[in-house]
Amino acid sequence: MKKLRRSARLVDMTQHLLAHPHTLTPLTLFAEQYGAAKSSISEDLSIIKEAFEVQGVGQLKTVAGAAGGVKYIPQVKTEEALHFMRELIEQLANPERLLPGGYLYMSDILGNPATMAKIGKLFATAYADKNVDVVMTVETKGIPLAYATAMFLNVPVVIVRRDNKVTEGSVVSINYVSGSSKRIQTMSLARRGLAEQSRVLIVDDFMKAGGTLRGMIDLLQEFRATVVGCGVLVETTADVSERLVDEYVSLAKLQDVDFKGKQIEIELGSFFENRGE
């Protein structure tokens, strides 16, 4: 590779780190790639580290020792998170989004890559220190959230299906009770879709009583997996007494819906409870 000037080297290193979050990159890799001394690479990383922290991009962690290196941890500043979620809540509070059953129309938001990237980074921030192996969701609306979150955690996505597919091979299926409708439903996951004893982060777009999340948690027991957390874009507070999941992080709370007056009351979720809000 042609030897780069320091400015170009800084740009190239930054791009590499952003593209490989939660991945330890040895300093020797950079040193060999750019034909530079490790001391020069360390100085470059100090500059990038400062820029990341000032701009709220995330942290740059250095691991000492022969097998050490540098690792980029995506994070979102509280002020930036608040600004983004307040704008998103304003969109969600549009009365035209009201659907029967107390749900909100969110397909346009879930289909917006820029919005999903910001939401995914928020979840990745909340679970940055949980050593996540995979991100799990149930088809279909949770899929964009899962991929956005997994991108910033740099882990695979596992999708739970509501019916069996012949292309999945051998599957594990369970019946679960929907927390809101009280109906018995089925979900399944391919045997080869998840390694046993994985550390799993579950994400979903909407939670009422938490029946779907509870179902995924129970399904994961069949794989001897550990649930490190549950992330929800919007939760409702209507069925708190019947909630089937206690530990989760929400980005927004649907507090009240007035169908006659066409009013939607939404507040910031539990993500912000210990972040100065």
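These numbers come from a predicted model, not from an experiment. (Residues numbered from 1 in each chain as written. Predicted model: local features only at pLDDT ≥ 70, side-chain atom pairs only at ≥ 80, totals over all residues. Heavy atoms only, no water.)

Student: What am I meant to see in the nonpolar core here?
Tutor: The tendency in soluble globular proteins is for nonpolar side chains to be buried side by side. Core analysis: the biggest nonpolar cluster contains 44 residues, and Met85, Leu104, Ile119, Val135 and Leu233 have the highest contact counts within it. Contributing elements (two or more residues each) for this core: helix H4 (78–92), helix H5 (107–110), helix H6 (113–126), helix H7 (143–153), strand E9 (199–207), strand E10 (226–236), strand E11 (249–258) and strand E12 (263–268). At seven residues, the largest contribution of residues to this core is made by H4. Excluding anything up to four places from it in sequence, Leu233 contacts Leu88, Met106, Leu110, Ile119, Phe123, Leu145, Asp204, Asp205, Leu251 and Ala252. Residues Met136, Val160, Ile217 and Ala225 belong to the second largest nonpolar core, which totals 25 residues. (Core = buried A, V, L, I, M, F, W, Y, C linked by side-chain atoms within 4.5 Å. Buried < 20%, exposed > 50% of the residue type's maximum accessible area, 1.4 Å probe, protein only. Helix = DSSP H or I, 4+ residues; strand = E, 2+ residues; numbered from the N terminus. Contact = heavy atoms within 4.5 Å.)

Student: Please explain the pairing of strand E5 (residues 134–138) as it appears in this structure.
Tutor: Looking along a regular strand, one sees the side chains alternate between the two faces of the sheet. Counting buried residues in E5 gives five out of five residues, a clear majority hidden from the surface. Bridging between E5 and E9 involves three bridges; their strand directions are parallel. Each bridged residue has a counterpart across the sheet, and for Val135 the counterpart in E9 is Leu201. As judged from the four bridges shared by E5 and strand E6 (residues 157–160), these two strands associate in the parallel manner. Looking across to E6, one finds that Met136 is bridged to Val158. (Pairing = 2+ DSSP bridges.)

Student: Is there a simple way to explain the domain arrangement of the protein chain in this structure?
Tutor: Many structure descriptions define interface size as the accessible area lost when the parts assemble. Assigned domains within the protein chain: domain 1 (6–74) and domain 2 (78–272). The straight-line distance from the C-alpha centre of domain 1 to that of domain 2 is 33 Å. Both sides together, the interface formed by domain 1 and domain 2 hides about 600 Å², and carbon and sulfur atoms give 48% of it. The three residues of domain 1 that bury the most area against domain 2 are Pro21, His22 and Pro74, which together make up 68% of that side's buried surface. Linking domain 1 with domain 2 are zero salt bridges. Our count for the domain 1 to domain 2 interface comes out at three residue pairs in polar contact (both at pLDDT 80 or more). (Domains from an automatic or database assignment. Buried area = accessible area lost by both parts, 1.4 Å probe. Salt bridge = Lys/Arg side-chain N within 4 Å of Asp/Glu carboxyl O. Polar contact = N/O pair within 3.5 Å; in protein donor to acceptor, adjacent residues only side chain to side chain.)

Student: So what exactly am I meant to see when it comes to the pattern of salt bridges here?
Tutor: Side chains that differ in charge, positive against negative, can pair when their charged atoms come close. This model, assessed by the stated rule, comprises 10 salt bridges. Taking the shortest distance from any N to any O, the salt bridge between Arg6 and Asp44 comes out at 2.7 Å. In this pair, Arg6 is assigned in helix H1 (residues 6–19) and Asp44 in helix H3 (residues 38–55), connecting sequence segments 38 residues apart. Given the relative accessible area of 0%, Asp44 is considered buried. Arg224 is paired through a salt bridge with Glu196; the nearest N and O atoms lie 2.6 Å apart. In this pair, Arg224 is assigned in the loop between helix H8 (211–221) and E10 and Glu196 in the loop between strand E8 (184–190) and E9, connecting sequence segments 28 residues apart. Residue Arg224 is classed as exposed on the basis of its relative accessible area, which comes to 52%. One network of salt bridges, with partners in common, ties together Arg6, Arg9, Glu43 and Asp44.

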